[in-house]
Amino acid sequence: MAEYRIAVVVGSLRRESHNRCLANAVKRLGPKGFSFQHLRIDDLPPYNQDDDATPAEPVKRLKREIAEADGLLFVTPEYNRSVPGVLKNAIDHASRPYGENAWAGKPASVIGASIGSTGTSMAQQHLRNVLAYLDVPTLAQPEVFLHVREGLFDADGNIASESTRKFLQGWMDRYVEWVRKLVG
Ligand SMILES: Cc1cc2nc3c(=O)[nH]c(=O)nc-3n(C[C@H](O)[C@H](O)[C@H](O)COP(=O)(O)O)c2cc1C
């Protein structure tokens, strides 16, 4: 049985999402004793504070799955220099009702891939700001801003370039060491 459960949140709903490919590829770099579960966010209703007392089933599921996780991994594109609305919607849902923030205290890392040369850096900064408010400790370094180019992934969905794979392995090693330290 895995000792550490990491909940993975992908900020894109697109079928051919580069960020979902990235999430699947980096999961394979995790060591023994770590397991990665994707959180579904595409069936959440638009957040409405009126529903706090009577949350929809997908909202209850989201909060339950976060509660079961030891750590968090956000893999997101950048939309108009910020995070996609679907990701912010999921974050808002699980942060409420007031005083019942499911994200609090779970160590997180934020990574992303973009066809733009800044590789999601602005979205990640916005997300880090939100996570700080939600009391989510976030791994500072290494930052992972991936510029999507043809051939980033091989036919099996792994990172094709050796140097990028090594860089991501270094990031994963830091992340899991940090989760172990925080979670115990
Ligand atoms: C609504 C929208 C806004 C976007 N804004 C940005 C942006 O601000 N910066 C950027 O680098 N790419 C931007 N892009 C391009 C995305 O990086 C690109 O579509 C990427 O493939 C999305 O991630 P995904 O493949 O995981 O869906 C935008 C795309 C969309 C659809």
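Refer to the structure presented above.
Owing to the predicted nature of the structure, the values given are computational and were not obtained by experimental measurement.

Caption draft 1: Region of the structure containing the overall build of the chain. When you go through the chain residue by residue, the secondary structure sums to five helices and five strands. When the elements of the chain are put in sequence order from the N terminus, they spell out β-α-β-α-β-α-β-α-β-α. Against the compact-globule benchmark of 16 Å for 184 residues, the chain has a radius of gyration of 16 Å, which places it among compact chains. Along the longest, intermediate and shortest principal axes, the C-alpha atoms of the chain span 50 × 40 × 25 Å. In the chain, buried positions account for 46% of the 184 residues. Sequence-distant contacts, at least 24 apart, represent 78% of the contacts inside the chain between residues at least 6 apart. When the accessible surface of the chain is totalled, it reaches about 9,600 Å², and 49% of it is carbon and sulfur. For the chain, the distance from the average site of its 23 positive side-chain charges to the average site of its 22 negative ones is 3 Å.

Caption draft 2: Inspection of the pairing of strand E2 (residues 34–38) at higher detail. Taken together, the five bridges between strand E1 (residues 4–10) and E2 define a ladder with parallel strand orientation. Each bridged residue has a counterpart across the sheet, and for Ala7 the counterpart in E2 is Gln37. Each parallel crossover has a hand, and for E1 linked through helix H1 (residues 18–27) to E2 it is right-handed.

Caption draft 3: Summary view of the pattern of salt bridges. According to the stated counting rule, one finds six salt bridges in the structure shown. Glu57 is the partner of Lys60 in a salt bridge, and the nearest nitrogen-oxygen pair spans 3.2 Å. Remark: Glu57 and Lys60 occur in helix H2 (residues 57–68); sequence separation between them is three residues, near one turn of the helix. Measuring nitrogen to oxygen at the nearest pair gives 3.0 Å for the salt bridge that ties Asp92 to Lys88. Of the two residues, Asp92 and Lys88 are both situated in helix H3 (residues 85–94); the distance of four residues between them amounts to about one turn of the helix. Residue classification places Asp92 among the partly exposed positions, given a relative accessible area of 24%. Given a relative accessible area of 31%, Lys88 falls into the partly exposed group. One salt-bridge network, in which partners are shared between bridges, spans Arg40, Asp42, Asp43 and Arg61.

Caption draft 4: Fine view of the site of the ligand. In the region of the ligand, 13 residues are neighbours, and Ser12, Arg14, Ser17, Arg81 and Ser114 sit closest. A distance of 2.7 Å separates an oxygen atom of the ligand from a polar atom in the side chain of Ser12. With respect to the ligand, the side chain of Asn19 contributes an N or O atom lying 2.8 Å from an oxygen atom. Considering the ligand on its own, with 620 Å² of exposed area, one finds that the protein chains cover 75% of that surface.

Caption draft 5: Structural detail: the side chain of Ser109. By the element assignment, Ser109 lies in strand E4 (residues 108–114). At a separation of 2.9 Å, a polar atom in the side chain of Ser109 contacts the side chain of Trp171. Apart from the residues lying within four places of it in its own chain, the contact partners of Ser109 are Leu72, Leu73, Phe74, Leu139, Trp171 and Tyr175.

Caption draft 6: Up close: the pairing of strand E3 (residues 71–75). Of all five residues in E3, five are buried; the element is thus mostly enclosed. The pairing of E1 with E3 spans five bridges and is classified as parallel. Bridge pairing in E3 places Val10 opposite Val75. When E3 meets E4, the two strands line up parallel, connected through four bridges. Within the sheet, the bridge partner assigned to Leu73 lies in E4 and is Ser109. Handedness of the crossover joining E3 and E4 through H3 is recorded here as right-handed.

So, how was this worked out
- Residues numbered from 1 in each chain as written.
- Predicted model: local features only at pLDDT ≥ 70, side-chain atom pairs only at ≥ 80, totals over all residues.
- Heavy atoms only, no water.
- Helix = DSSP H or I, 4+ residues; strand = E, 2+ residues; numbered from the N terminus.
- Rg over C-alpha atoms; globule rule 2.2 N^0.38 Å.
- Buried < 20%, exposed > 50% of the residue type's maximum accessible area, 1.4 Å probe, protein only.
- Contact = heavy atoms within 4.5 Å.
- Areas by Shrake-Rupley, 256 points an atom, 1.4 Å probe, with all protein chains shown as cover.
- Lys, Arg positive; Asp, Glu negative; His and termini not counted.
- Charge placed at Lys NZ, Arg CZ, Asp CG, Glu CD.
- Pairing = 2+ DSSP bridges.
- Right-handed = clockwise from strand over helix to strand, strands pointing away.
- Salt bridge = Lys/Arg side-chain N within 4 Å of Asp/Glu carboxyl O.
- Near = heavy atom within 4 Å.
- Polar contact = N/O pair within 3.5 Å; in protein donor to acceptor, adjacent residues only side chain to side chain.

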